[in-house]
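# Descriptive structure summary
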Amino acid sequence: MAQPFPVQRTCPFAPPPEYERMREQAPLVKGTLSGKDVWLVTRHAEAKQVLAGSGISTNPATPGHPSAPPDDEQVTPEERAAREKFTAGHFIDLDPPEHGRFRRLLIPEFTVRRMKELRPGIQRLADELLDDMLAKGPDADLVEAYGLALPSLVICQLLGVPYADHELFQSRTRTMISSMDDPQVRMAAAMEIHDYLDALITSMAERPGDDLFGRLITGGALSHDELVGVAFLLLVAGHETTANMIPLSALTLLRHPEQLAALRADPSGWPAAVDELLRYLSIVDWVAFDRVSTEDQEIGGQQVRKGDGIYVLGASANHDERAFERPDAFDPGRGANHHVAFGYGVHQCLGQNLARAELEIALRTLFERVPGLRVTMSDEELPAKYDGAIFGLTAMPVTW
Ligand code: HEM
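Residues numbered from 1 in each chain as written. Predicted model: local features only at pLDDT ≥ 70, side-chain atom pairs only at ≥ 80, totals over all residues. Heavy atoms only, no water.

Going by an unreviewed UniProt entry, the protein chain carries the name Cytochrome P450 monooxygenase and comes from Nonomuraea fuscirosea.

## Observations regarding the coordination of the iron atom of the ligand
One donor from the polypeptide reaches the iron atom of the ligand: C349 (SG), at 2.3 Å. Along the chain, C349 falls in the loop between helix 14 (314-317) and helix 15 (352-369). (Donors = N, O, S within 2.8 Å, 3.2 Å for Na, K, Ca; no water. Helix = DSSP H or I, 4+ residues; strand = E, 2+ residues; numbered from the N terminus.)

## Some remarks on the side chain of Q352
Among the structural elements, Q352 can be located in helix 15. At 3.2 Å, the side chain of Q352 forms a polar contact with the backbone oxygen of C349. (Polar contact = N/O pair within 3.5 Å; in protein donor to acceptor, adjacent residues only side chain to side chain.)

## Quick word on the side chain of Q297
Within the secondary structure layout, Q297 lies in strand 7 (residues 297-299). Classification of Q297 as buried rests on a relative accessible area of 13%. The contacts of Q297, once residues within four sequence positions are left out, are S54, G55, I56, Q302, Q303 and V304. (Buried < 20%, exposed > 50% of the residue type's maximum accessible area, 1.4 Å probe, protein only. Contact = heavy atoms within 4.5 Å.)

## Concerning the packing of helix 10 (residues 212-219) against helix 11 (residues 224-254)
Between helix 10 and helix 11, whose axes approach to 11 Å, the crossing angle comes to 155°. One way to sum up the angle between helix 10 and helix 11 is to call them roughly antiparallel. In terms of crossing hand, the pair formed by helix 10 and helix 11 is right-handed. When helix 10 is examined against helix 11, the residues L212, F213, L216 and I217 are found in contact with a partner set consisting of L227, V230, A231 and L234. Across the contact of helix 10 with helix 11, the residue classes break down as eight nonpolar, no polar and no charged. (Axes fitted to C-alpha atoms, helices over the stretch in contact; angles between N-to-C directions. Parallel < 35°, antiparallel > 145°, perpendicular 65-115°, else oblique. Left-handed = near helix turned anticlockwise from the far one by under 90°. Nonpolar A, V, L, I, M, F, W, Y, C, P; charged D, E, K, R; others polar.)

## Side note on the pattern of salt bridges
Throughout the structure, instances matching the rule amount to 24 salt bridges. We note a salt bridge from D225 to K85, for which the minimum N-O separation is 3.1 Å. A residue pair is termed long-range when its members are at least 10 positions apart, and D225 in helix 11 and K85 in helix 3 (residues 77-87) qualify at 140 residues. Taking relative accessible area as the criterion, D225 reaches 23% and is therefore assigned partly exposed. For K85, a relative accessible area of 35% translates into the label partly exposed. (Salt bridge = Lys/Arg side-chain N within 4 Å of Asp/Glu carboxyl O.)

In structure tokens, the structure reads:
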């Protein structure tokens, strides 16, 4: 029988319990999502095979794609034009070779070296936020005061988006990625961010500076709508993901005091700990990994047909005992960097070097500067986004 999908997490730290049974059953399990049949990829090796993607498309316009827009016959020409304008530049949804046109322009902006240059600025922002939090203390909501604020400030500086407008893009992003809201409400929230960035790119184009969008504008390779789409993707992906990782990672470390003490004693362990946190928490699970097969092929011993929809279960792949020993244990020393928390293949996260730098600086600085940090709620009481496309906490009350 097909597995009804999605299945929810029941604990902030762990993938849905059903994933273990599904992984045992087969590398590809038949599922149903909103009445559609899909393949659910449960194991690490097959997850990488699908994400590396020969004979696989990520483009929602490809026939059979599970995120296909509504049937074209019911869509007016105006609606179609609006959709095309909105999705221009969303290269996360494009296949090669179109995808490469965007990726090649952006890779130089996100190299390890470029991210190294950003580190002193990220450190300064982390210190300023903690100065503020400590001055207002001795209690705070770590999500609001630190977890959400730090990556939002960093991505705003990188893109030239005024941080004063953070309430607009943070709240609309929350609505956009929540599965609780009506699709029209979510689309309206996305359009508000889009329109805001449309106006911003127009004003940037009048006087392009020596910054990321200044260089893209002067380079002339992207149209106005494509620039707006790239800004949309970077702004949303750049704050919401890392914002969920920071508080959840802090909580995980507080619940593993021995591992935290080891990191305090030897801070050279932080980069490996960050990768283990990314694997262990797997906050981006299946929503981002929507694909369709573009040919008849065999994956994990299963016959998959052209037009079959596929979801890779990232959290299941990252907890596959075939790839990670004792996968449900949090073990910063395990060398977890073959995880798929940033995806795999051509769409592997463009911002991963930035995310790693932010997480390392945010967590190290937090535990150095607030050594007595404690959470004032039990794990069961903490409000979690079980409904969201990206997993996280909506609040994390702390004291020190
Ligand atoms: C902990 C933080 C992050 C996580 C867990 C994460 C996760 C991911 C994942 C899983 C994908 C692949 C999606 C797919 O295969 O379809 C992805 C793609 C992407 N991410 Fe991230 N991300 C993070 C941070 C960031 C940041 C900080 C930025 C921006 C600066 C960013 C920008 C992007 C972009 C632009 C893509 C699309 C890449 C492409 O299609 O070529 N991400 N991310």
